[in-house]
Amino acid sequence: MYKVLETIMILYYSMWIPFGVEYMIGTGIGILILLFSHNFKISINRTFILVIIFSISFFSLQSFLEYSFLRSFAYSLTIIIMYLCGYNWIDIYQSSNEKSQSVQYTIKIIYIGIALYVLMCVVYTYLTGNVLNVFNRDPKIFWDGSEGNSTHFSSISAVPLAASAYFSMSENKKERFFNISIFLCTLLCNLLMSNRISVIFAGIFILLALYLKYKDSLLKKKTKIIMLIVALLTLCAITYSFNLFNIQSKIMSLPMIKRTVVLNQQGYKDPRLERQLYVLKNFTKHMCGGGHFNYEIGEVHNVWLDVYDYAGIIPFIFFVALTISIIVKMFKALNISKYDETIKILLIVLFAYLLSFVEEPVIRSCESYMVLFFFCCGLFYRYIKIICEYPHDVPNL
């Protein structure tokens, strides 16, 4: 019963099945999991306090999002419950290898579910007679046929790209082939949606996966060459994305991609960085939230600044504090990751989440993705705590 509920809840959120947050269906499953857990524990630590205060303060103070009281309550409670689920996910009575395998299985369900959802939406878009191109980037949502948002898909694709990049280096040939397929399929879906940021994500995650996988051993010449190639490709993608050295105009003159010249002629420029700088320069202008920056310049496209814009300085402070706490814990975990493959997997997944937060307001547009972040935080903190409490019992994977 317990394992069945685990898988259902993770799939419910990772595949964006409707009503998971607003009607607390996913929350209800999470509560059942906690009740069935053999080792349910509420650890009143700094991170849990930050999660509670952020969740309550944000949904109590925000006045921009058109949420009813019940929806705000459901979202807030879901965040707290999901963190608790992650923290109590591991059965402390299992062996070290069983704990590690359990965490890896959970991460696989998360990123495979998200990747499958992205693929389903893209395939469904074509099956309904629509075509994705540079002028029509938004796919149809598989569950209800409504129009999605391509940038939302690029954000949630960060986790499957990161996790599959790491698992693609597995020694198991079947697992390696399966994850390379997921990586390429997710990347292709984003290319069909003209999501340039996903190319940058892909390069960064390959580099990070190579670093985590081989940082504690002597790198072979072949691996060094691969890292160099990926680094160059990532640099090229960044140069193109931000139009450094006027590279876009030079590339657009090539015959094979003339179809994108029209966008340049329209003078379109990505406004995200400019909007974020505007908020930072005028930080004290709207400290009580209310979405005033959104009305002035449009969506900021940054989770931390969006929290500030929607709800003001109080939830912003606690969310920043939570982020700093996570990053500090990640750096500490990096020192012991050479003993445990699972820590490396958790690190790359959390990094993918934080990186995706920089370019998309996922707290309002990707609710299922956001609550899974808090779940992964709880899972990460509990696993690290177990490793630190029983250093002699580190799994030898």
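Here the structure is a predicted model, which means the values were calculated and not measured.

Cut-off values and rules
- Residues numbered from 1 in each chain as written.
- Predicted model: local features only at pLDDT ≥ 70, side-chain atom pairs only at ≥ 80, totals over all residues.
- Heavy atoms only, no water.
- Helix = DSSP H or I, 4+ residues; strand = E, 2+ residues; numbered from the N terminus.
- Buried < 20%, exposed > 50% of the residue type's maximum accessible area, 1.4 Å probe, protein only.
- Contact = heavy atoms within 4.5 Å.
- Areas by Shrake-Rupley, 256 points an atom, 1.4 Å probe, with all protein chains shown as cover.
- Phe/Tyr/Trp six-rings, centres within 6.5 Å; stacked < 30°, edge-to-face > 60°.
- Lys NZ or Arg CZ within 6 Å of the ring centre and 35° of its normal.
- Axes fitted to C-alpha atoms, helices over the stretch in contact; angles between N-to-C directions.
- Parallel < 35°, antiparallel > 145°, perpendicular 65-115°, else oblique.
- Nonpolar A, V, L, I, M, F, W, Y, C, P; charged D, E, K, R; others polar.
- Polar contact = N/O pair within 3.5 Å; in protein donor to acceptor, adjacent residues only side chain to side chain.
- Expected span 1.5 Å × (residues − 1).
- pLDDT = per-residue confidence, 0-100.
- Salt bridge = Lys/Arg side-chain N within 4 Å of Asp/Glu carboxyl O.

Novice: Please explain the overall build of the chain as it appears in this structure.
Specialist: Of the regular secondary structure elements, the chain holds 19 helices and zero strands. Going through the 397 residues of the chain one by one, you find that 52% of them count as buried. Put simply, of all contacts in the chain between residues at least 6 apart along the chain, 71% involve residues at least 24 apart. As displayed, the chain offers around 18700 Å² of accessible surface, 66% of which is attributable to carbon and sulfur atoms.

Novice: Whenever I open this one, the packing of aromatic side chains confuses me. Can you help?
Specialist: Given two aromatic rings, one states the distance between the centres and the angle between the planes to describe the pair. Throughout the structure, instances matching the rule amount to 34 aromatic pairs. Centre to centre, the rings of F69 and F73 are 6.4 Å apart; their planes meet at 20 degrees, and the pair counts as stacked. One end of the pair is F69 and the other is F73, both in helix α4 (residues 69-87) and four residues apart, which spans about a single turn. Of the residues examined, F69 reaches a relative accessible area of 67% and is grouped as exposed. Owing to a relative accessible area of 43%, F73 belongs among the partly exposed residues under this scheme. Three or more aromatic residues link up through ring pairs in this structure, and these residues are F54, F58, F59, Y67, Y75, W304, F319, Y353, F357, Y369, F373 and F374. A cation over a ring is seen here: R71 above Y67, with NZ or CZ 4.8 Å from the ring centre.

Novice: Would you explain the packing of helix α3 (residues 46-61) against α4 in this entry?
Specialist: Describing two packed helices takes the angle between their axes plus the distance from one axis to the other. Interhelical geometry of α3 versus α4 gives an angle of 170 degrees and a closest axis separation of 9 Å. By the angle class used here, α3 and α4 are roughly antiparallel. Residue-level contacts link T47, F48, V51, I52, S55, I56 and F59 of α3 to S72, Y75, S76, I79, I80, Y83 and L84 of α4. Classifying every residue of the contact of α3 with α4 by side-chain character gives 10 nonpolar, four polar and no charged.

Novice: Just checking my understanding: could you explain the environment of N179 for this structure?
Specialist: Residue position: N179 is located in helix α8 (residues 173-192). Taking C-alpha positions, N179 is 10.0 Å from K108, a pair spaced 71 residues apart along the chain. Apart from residues lying up to four places away in sequence, N179 is in contact with Y111, S164, F167 and S168. There is a polar contact of 2.3 Å between the side chain of N179 and the side chain of Y111.

Novice: Help me out: how do you make sense of α4 in this one?
Specialist: For an α-helix, 3.6 residues make a turn, and residues three or four places apart therefore share a direction. With 19 residues, α4 extends 27 Å between its outermost C-alpha atoms, agreeing within 8% with the 27 Å of an ideal straight helix rising 1.5 Å per residue. Of all 19 residues in α4, 14 are buried; the element is thus mostly enclosed.

Novice: Would you mind showing me how to read helix α17 (residues 341-357) here?
Specialist: Spanning 17 residues, α17 covers 25 Å between terminal C-alpha atoms, matching the ideal 24 Å at 1.5 Å per step. α17 sits mainly inside the fold: 15 of its 17 residues count as buried. The N-terminus of α17 is capped by D340, whose side-chain oxygen sits 2.9 Å from the backbone nitrogen of T342.

Novice: How should the confidence of the model for the chain be read in this particular structure?
Specialist: Caution is warranted with low-pLDDT regions, since their predicted coordinates should not be read in detail. Taken as a whole, the chain shows an average pLDDT of 85; of its residues, 88% reach a score of 70 or greater. Helix α12 (residues 261-265) is the least confidently modelled element of the chain, averaging 56 in pLDDT, while helix α7 (residues 158-167) averages 96, the highest of any element.

Novice: Before we go on, may I ask you to explain the pattern of salt bridges in this structure?
Specialist: Pairs may arise between side chains of opposite charge once their charged atoms sit close together. For the structure shown, the criterion picks out six salt bridges. K285 is the partner of E296 in a salt bridge, and the nearest nitrogen-oxygen pair spans 3.5 Å. Placement of E296 in helix α14 (residues 292-297) and of K285 in the loop between α13 (272-281) and α14 is noted, with a sequence separation of 11 residues between them. A residue is classified by how much of its surface remains accessible, and E296, at 36% relative accessible area, is partly exposed. A salt bridge links E299 to R364; the shortest N-O distance between them is 2.6 Å. Of the two residues, E299 is situated in the loop between α14 and α15 (303-311) and R364 in helix α18 (residues 362-365); the sequence distance between them amounts to 65 residues.

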